[in-house]
Amino acid sequence: MIEIQIAGAGAGKTYNLSEKIIQFHEENTSHKLIYAITYTNAAKKKINDEIIKRLGYIPDKVRVETVHSFFLNEVIYPYSHFTISEVYNNAVSYTLPTVHAYKNKKLSLLKQKFIIHSESVFNKAKMIIDRSNSKHGNKAKKAKVDFVNSHIAAKISHIFIDEAQDLDGDALCVFKILGENEIAVYMIGDPKQAIKFPGAFRDFIKQSTGKGCNVLSNNNFTKRVPVEILKLSNPLCLSEEKQTNTNGKAGRVGYIKSSNENYRLIIDHYKSLGHLIYIEEKQGCYDTHSSRNLFLPLSLEEKLHGIAVSRDLDGRLFIASIISEITERFKNSSSKQIITWLSKHSDLRLEREEYAELIQHLEQVLASGESSKFVVSSIEAVKGLESEVCIFILNQTMYDYITQNIPKAKHHNKNWNKAYVALTRSCDTLIFVLDQELFSRNNIMEVEGYLKNMGIDEITSL
Amino acid sequence: MIVNYVRIENYRNFKYFETTLNKLAIIIGENDSGKSNFLHALKLPFCSSELEFRNKNLLPLDFNAESVKEFYDKIKSGAGDKELSDSIPIIRVTVRFDDIGSDHYAKAIVGNWIKTDNGNIVYEIQYNYQPKNEKDFLELTKKLIKGSDANKKDLSLLIPTELYEYSIISTNNFKTIPYNDLKHITINSINAERDDFSESSSMKSNSILTRLLEKKLSKDEKAKIHEAYFGFFKEIKDQDNFKKIFTRDVEFPDLDRFVANIDCIPNLANLKNILSNITLAYGDEFLYQKGLGQRNIIFIILFFQHFKSNKSSFNLSFIEEPESHLSTNNLNLVINYVKKSVAISGNLFQTIISSHSPQVINKLEFENVIAFSSNKAVSFNDVDSALVKYLSKRPNFDILKLLFSNRVILVEGTTEEMFINTILDLDKNSLTNIDVISISQKGYKTFLEIWKKLNDGNTKKIGVIRDFDDQPNAKMEHDAYGNKKTIFVETTKGYTLEDDIVSAGKNCTLISKHFGLNNDQQTVSDFLKSSKADNMFDLCNAMQDGTIVISIPDHITSVLKNLK
């Protein structure tokens, strides 16, 4: 059984989800588990917090996990050997090389060590439980798949999926198959916020006809997005998904210019208060948090892992401690000095290529750290979050989409959805930032003109 | 759901040992054959029992001596690291589950451990005890062996177990099984050294019983016990003289503030402590005052009762020697209790019993027996069901003697048994250790088959003395079992043993004279055969007190000679 619910930004998905979970938990007399699945750890925490708020604890039989964790622990690790003769007992998620040949080489090296990469998780999970997959070519193999499904159904009674729009076709298919095999599957998501896989959830809903599949009517109420902001976000919604505010808050929208003499102070001020500040992607004098992350080359991580084990330390903690120490040392050491320290501290012997790779990366991070750039969030990073005041740094692309100055073919694509997400984060005030550097076609004055026309004024007092 | 296969590698006396198991498995074996070690090994991959904490880190002496010696010999011979790596002593206990059926709960418990083995679906987990880092281990052991003599007996003590770590993994992906999953499979045992009642000077209740009690009490009951305890303590405090300890000293009012703060608080606040200070009563007396046998029965009943009804996890119960200290009546009771409990128990319960009692074995059905011998396990699962029924109706049949005796002779019946035992008795020249067993109408072949299965390859010997009964084909079939080394089959020349006795040497004359019969073979032979065993009995008595000296028939002499 599969039930699908579309709910727009601020509809209270997490609250409703946890309510349903608690309801089924109380009715559940068997040993079976109830799973609540999300995409990110932050979202996982949200559901955990909500359940604790209402029950005071997380019951034994209720498990809150990310999709990857669920697929890995309930499908891939136990059953990949049985159905597709591949063994996995661990997963990694660092960035793979982009060059196809290197990437494949890396993946096969990982496979030899029984490690699966997180980007293969959705696909692998589908391969294992989809009896129509070509890997299960004969009756006996299909019988194995059925057998595995019977095991999963013996263990799990309900699966609740939050943020279903972040799943790709494969992952959605996995949940569909689970739903067809006696597990009660509830999916809730917002196709308008599908940034990773823009069309996947919508397509899935369209294909979900037939018995056992129930698409509920849309929840277009929003507790968060105030009326004034809805005026901007609703034009981006399909007619059947336009939202209405339930708490009557008006909210306000305004803009500031980066040429303002107090600009940096303003940004720092709101950042310190914990409000969301975001931009489509790293551009101009804006860096996103992710582009500043320090990570170590894979072979180095493996070496450090081995060293940790020989010292009786936990591998991951050891690597994390090294990364945090390097970050500290950036304040007063050069890359060379950092590498010297690293070799000494962890008895590490670096090969030539490793040394080169590491020093290049450290230089990069060092350079970005020294710059006077603003460090803000990317839109993708703030999806699912909210704050009272949100500062949306406009660029050409986002402006084009908000003004719908784009060909029909590009409607409802990734950027369209990014724009929707960016507009709907605030529960009170939305402030646009106009920075000429980020606009390749339009002049800032044109943009100002458009905004003033919409009734959006420059904010002078902050 | 049951554990249907166990494999033990490099643990104590087991270098490589595997066995199958049933829902009720009866383990037999001579002393020192590893029955207790089997139990200890089996405990390793399972969750630490709710009743006892188990240390899963092993000691140097837990390693199989042979595997340690092989490893050190390789080091001494200067083998390369790759070769050494393959022979590092690693202790493994592998366990498979089967009979899951369609029970969702059982499926949920074992599901993650599914794999195929030779085309069959199995659910397998494994306990491993191995060095954390091979390189470091090899480095250190090479150093250690350098300065020592490889012919030392206790080489195992040189194993640096501080470099070892244990893990319990699912063998389909080598992933460690998290506690949340492992806690659903448990093993509990009643050891051969039952209780410490007689040892314990405080005569407190046995600790396992304490924990059983703890489990049974509801939250309300526990709260009431606590309340009662504190109430009891309060009453003590309220005694006048008790209070007087803390009075103020009128001459030193400054001390008042100290005295005011002193108070008595109850010790033993922990429920476990309260309960373990309870001693069990039995009737009007204390349980510890009752005999070992009595305590044993109660112990077994309580234990079994508690675990067979557990619905939340799979439970493997291992009872060592249930017959310990039990009188005949109580033994019957316990055997019956076990048999019927197993029959009605649910899907999550399995029992293993180790025993030295033929009654236990015969009544709980021979097909459940697994015999440990020379480091291998022989299952009698596929034994002829007619034999199983025979044994269950003859609980006193000494099946253990047949299987384990160093020298055993099978004979047709009581008369043969008496005759041969008399002969053995009369042999003044050598001490015999030959057991004579009469198989009363059951075919020799079945017994020979099971004897062969168990003793193939060891030095035990079996002799068969059978009657011709005018069946040449049967004789041929039985003769085929003889192997001139450990199995010796002899048949009478005449119809039965009595005929051969009568026709041997001067026996006919001697016997007819002694009993006042006609001196012809037919009469004497009929005489011996008639009135069941009475006449043979008389003959044996006469032989024993020297009144008659009988010549022994050839076929018997042959068997006896071969068995020496």
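Values in this document were obtained by computation on a predicted structure and should not be read as measured data.

About the criteria used
Residue positions are counted from 1 within each chain, in the order its sequence is given. Note on labels: chains are lettered from A, ligands numbered from 1, in written order. Since the coordinates come from a predicted model, pLDDT governs what is reported: local features require at least 70, and pairs of side-chain atoms require 80 or more to be given and counted, while whole-chain, interface and lining totals use all residues. Side-chain measures were taken over the full set of non-hydrogen atoms in the model, leaving aside hydrogen atoms and water. The numbering of helices and of strands both runs from the N terminus, where a helix is a DSSP run of H or I of at least 4 residues and a strand a run of E of at least 2. Based on C-alpha atoms, the radius of gyration is set beside the globule rule, defined as 2.2 Å times the residue count to the power 0.38. Summary of the burial criterion: residues with accessible area below 20% of their type's maximum are buried, those above 50% are exposed, and those between are partly exposed, where the area comes from a 1.4 Å probe applied to protein chains only. Contact between two residues is taken to exist if any of their heavy atoms lie within 4.5 Å; hydrogens are not considered. Areas reported here follow the Shrake-Rupley algorithm with a probe of radius 1.4 Å; residue values treat only the protein chains shown as occluding. Each pair of strands is called paired provided DSSP finds at least two bridges between the two strands. Think of the arc as the fan of directions from the helix axis to the C-beta atoms. Whenever a nitrogen or oxygen atom comes within 3.5 Å of another N or O atom, the pair is scored as a polar contact, on the condition that within protein one atom can donate a hydrogen and the other can accept it, and that pairs from neighbouring residues in sequence are kept only if both atoms are in side chains. Comment: axis = line fitted to C-alpha atoms, over the contacting stretch for helices; angle = value between 0 and 180 degrees taken between N-to-C directions. Accessible area that two parts lose when put together, with a 1.4 Å probe and added across both, is what the buried area reports. The rule for a salt bridge is simple: a side-chain nitrogen of Lys or Arg has to be within 4 Å of a carboxyl oxygen of Asp or Glu. Cavities and pockets are found on a 1 Å grid laid over the protein atoms alone: a cavity is a set of points where a 1.4 Å probe fits but cannot escape, a pocket is an open set with protein on both sides within 12 Å along at least five of seven lines, and a lining residue has an atom within 4 Å of such a point. Grid points are joined across faces, edges and corners, and a volume is the space filled by probe spheres set on the points. Basically, the charged four are Asp, Glu, Lys and Arg, the nonpolar ten are Ala, Val, Leu, Ile, Met, Phe, Trp, Tyr, Cys and Pro, and anything else, Gly included, counts as polar. Note: pLDDT gives the predictor's confidence per residue, expressed from 0 to 100. Each nonpolar core is a collection of buried residues, namely Ala, Val, Leu, Ile, Met, Phe, Trp, Tyr and Cys, held together in the definition by side-chain atoms within 4.5 Å. The crossing is said to be left-handed when, going from far helix to near helix, the turn is anticlockwise and less than a right angle, and right-handed when the turn is clockwise.

Chemist: So, the overall build of chain A: which residues are in play, and what are the values?
Modeler: Within chain A, the secondary structure is distributed over 18 helices and 17 strands. On C-alpha atoms alone, chain A measures out to a radius of gyration of 24 Å, which is about the 23 Å that the 2.2 N^0.38 rule sets for 462 residues. Seen through its principal axes, chain A has C-alpha atoms that stretch 70 × 60 × 45 Å. Expressed as a percentage of its 462 residues, the buried residues of chain A come to 52%. Considering only contacts within chain A whose residues lie at least 6 apart along the sequence, 75% involve residues at least 24 apart. With an accessible surface of roughly 21,600 Å², chain A has 50% of that area assigned to carbon and sulfur atoms.

Chemist: Please give an account of the pairing of strand β1 (residues 2-11) of chain B that cites residues and values.
Modeler: Looking along a regular strand, one sees the side chains alternate between the two faces of the sheet. Residue and element names in this part refer to chain B. In terms of residue burial, β1 counts as a mostly covered element, since nine of its 10 residues are buried. The pairing of β1 with strand β2 (residues 14-20) spans six bridges and is classified as antiparallel. Of the residues in β2, the one forming a bridge with Arg7 is Glu18. Where β1 folds back on β2, the antiparallel hairpin that results is connected by two residues, among which Arg12 adopts a positive phi of roughly 45 degrees.

Chemist: Explain helix α10 (residues 263-272) of chain A to me, using residue names and the numbers behind them.
Modeler: Residues and elements named next belong to chain A. Those residues of α10 not exposed but buried are Tyr263, Ile266, Ile267 and Tyr270. For α10, the buried positions fall inside an angular range of 95 degrees around the axis, keeping them on one side. Exposed positions of α10 whose direction lies more than 90 degrees from the buried face are Leu265 and Ser272. Of the surrounding elements, those touching the buried residues of α10 are β11 (252-257), β12 (276-279), β13 (286-288), β14 (374-378), β15 (387-393) and β16 (426-434). Backbone geometry just after α10 places Gly274 at a positive phi near 85 degrees.

Chemist: Residue-level account of the side chain of Lys383 of chain A, with values.
Modeler: Residues and elements named next belong to chain A. With respect to the element layout, Lys383 can be found in the loop between α15 (379-382) and β15. A polar contact is formed between the side chain of Lys383 and the side chain of Asp166, at a distance of 2.6 Å. Excluding residues that lie within four positions of it along the chain, Lys383 makes contacts with Glu163, Gln165, Asp166, Gln193, Ile195, Val421 and Arg425.

Chemist: Now, about the sheet that holds β14 of chain A: what can you tell me, with residues and values included?
Modeler: What holds strands together in a sheet is hydrogen bonding between their backbones, with the strands either parallel or antiparallel. Residues and elements named next belong to chain A. Strand order in the open sheet formed by seven strands is β13-β14-β12-β15-β16-β11-β17, with parallel pairing between adjacent strands. Of all the strands in the sheet, just β13 and β17 (457-458) have a single pairing partner and so form its edges. Along the sheet face, α10 touches β11, β12, β13, β14, β15 and β16 and points at about 50 degrees away from the line of β14. Here helix α17 (residues 414-423) sits on the sheet in contact with β12, β15 and β16, set at roughly 120 degrees to β16.

Chemist: Provide a residue-level description of the interface of chain B and chain A, including the pertinent values.
Modeler: Chain B puts 20 residues into the contact, and the matching count from chain A is 24 residues. Taking both partners together, chain B and chain A bury about 2,000 Å²; carbon and sulfur atoms supply 58% of that area. Scanning the region where chain B abuts chain A turns up zero salt bridges. Our count for the contact surface shared by chain B and chain A stands at seven residue pairs in polar contact (both at pLDDT 80 or more). If you list the elements that add at least two residues to the side of chain B that touches chain A, you get α4 (104-110), β5 (114-117) and β6 (120-131) of chain B. Per element, the largest residue contribution to the side of chain B that touches chain A is four residues, and it comes from α4 of chain B.

Chemist: Describe the layout of surface pockets, naming the residues involved and giving the relevant values.
Modeler: Empty space among the atoms becomes visible once a probe the size of a water molecule is rolled across them. Residue and element names in this part refer to chain A. Put simply, the second largest pocket is a space of about 1,200 Å³. For the lining of the second largest pocket, the secondary-structure elements that each account for two or more residues are α2 (41-55) and α15. Grouping the constituent residues of the lining of the second largest pocket by class yields 11 nonpolar, 10 polar and 10 charged.

Chemist: Kindly report on the confidence of the model for chain B, identifying the contributing residues and their values.
Modeler: All names here are of chain B. Mean pLDDT over chain B works out to 84, with 89% of the residues at or above the 70 mark. Note on residues 197-205: pLDDT under 50 across the span, and 19 contacts to partners over four residues away in sequence or across chains. Overall fold confidence (pTM) sits at 0.79, and the ipTM for the predicted complex is 0.74.

Chemist: Which residues make up the nonpolar core, and what values do they have?
Modeler: Residues Ile159, Phe175 and Met187 of chain A together with Phe38 and Phe97 of chain B are the most contacted members of the largest nonpolar core, which totals 108 residues. Ranked by residue count, the leading element in this core is helix α3 (residues 67-84) of chain A, at 10 residues. Beyond its immediate chain neighbours, meaning those up to four positions away, Phe38 of chain B contacts Val6, Ile8, Phe14, Phe17, Thr19, Leu21, Ile27, Phe318 and Phe372 of chain B.

Chemist: Any chance you could break down unusual backbone geometry for me, citing the residues and the numbers?
Modeler: Unusually for a residue other than glycine, Asp347 of chain A sits at a positive phi of about 55 degrees. Secondary-structure assignment places Asp347 of chain A in the loop between α13 (335-346) and α14 (352-370). In this structure Asp347 of chain A comes out as exposed when scored by relative accessible area, which is 53%. A positive phi angle, close to 55 degrees, is found at Asn118 of chain B, a residue other than glycine. In this structure, Asn118 of chain B sits in the loop between β5 and β6. For Asn118 of chain B, a relative accessible area of 74% translates into the label exposed.

Chemist: Got a sec to walk through the side chain of His158 of chain A? Specific residues and values, please.
Modeler: Inspection of the secondary structure assignment puts His158 of chain A in strand β6 (residues 156-161). Beyond its immediate chain neighbours, meaning those up to four positions away, His158 of chain A contacts Phe24, Leu33, Ile34, Tyr35, Ile183, Ala184 and Tyr186 of chain A.

Chemist: Run through the packing of helix α7 (residues 169-180) of chain A against helix α8 (residues 200-207) of chain A, naming residues and quoting values.
Modeler: All names here are of chain A. At a closest axis distance of 9 Å, the pairing of α7 and α8 adopts a crossing angle of 35 degrees. Note on packing geometry: the crossing formed by α7 with α8 is right-handed. Judged by residue contacts, Gly169, Leu172, Cys173 and Lys176 of α7 engage Ala200, Phe201 and Phe204 from α8. Here the contact of α7 with α8 is composed, by residue class, of five nonpolar, one polar and one charged.

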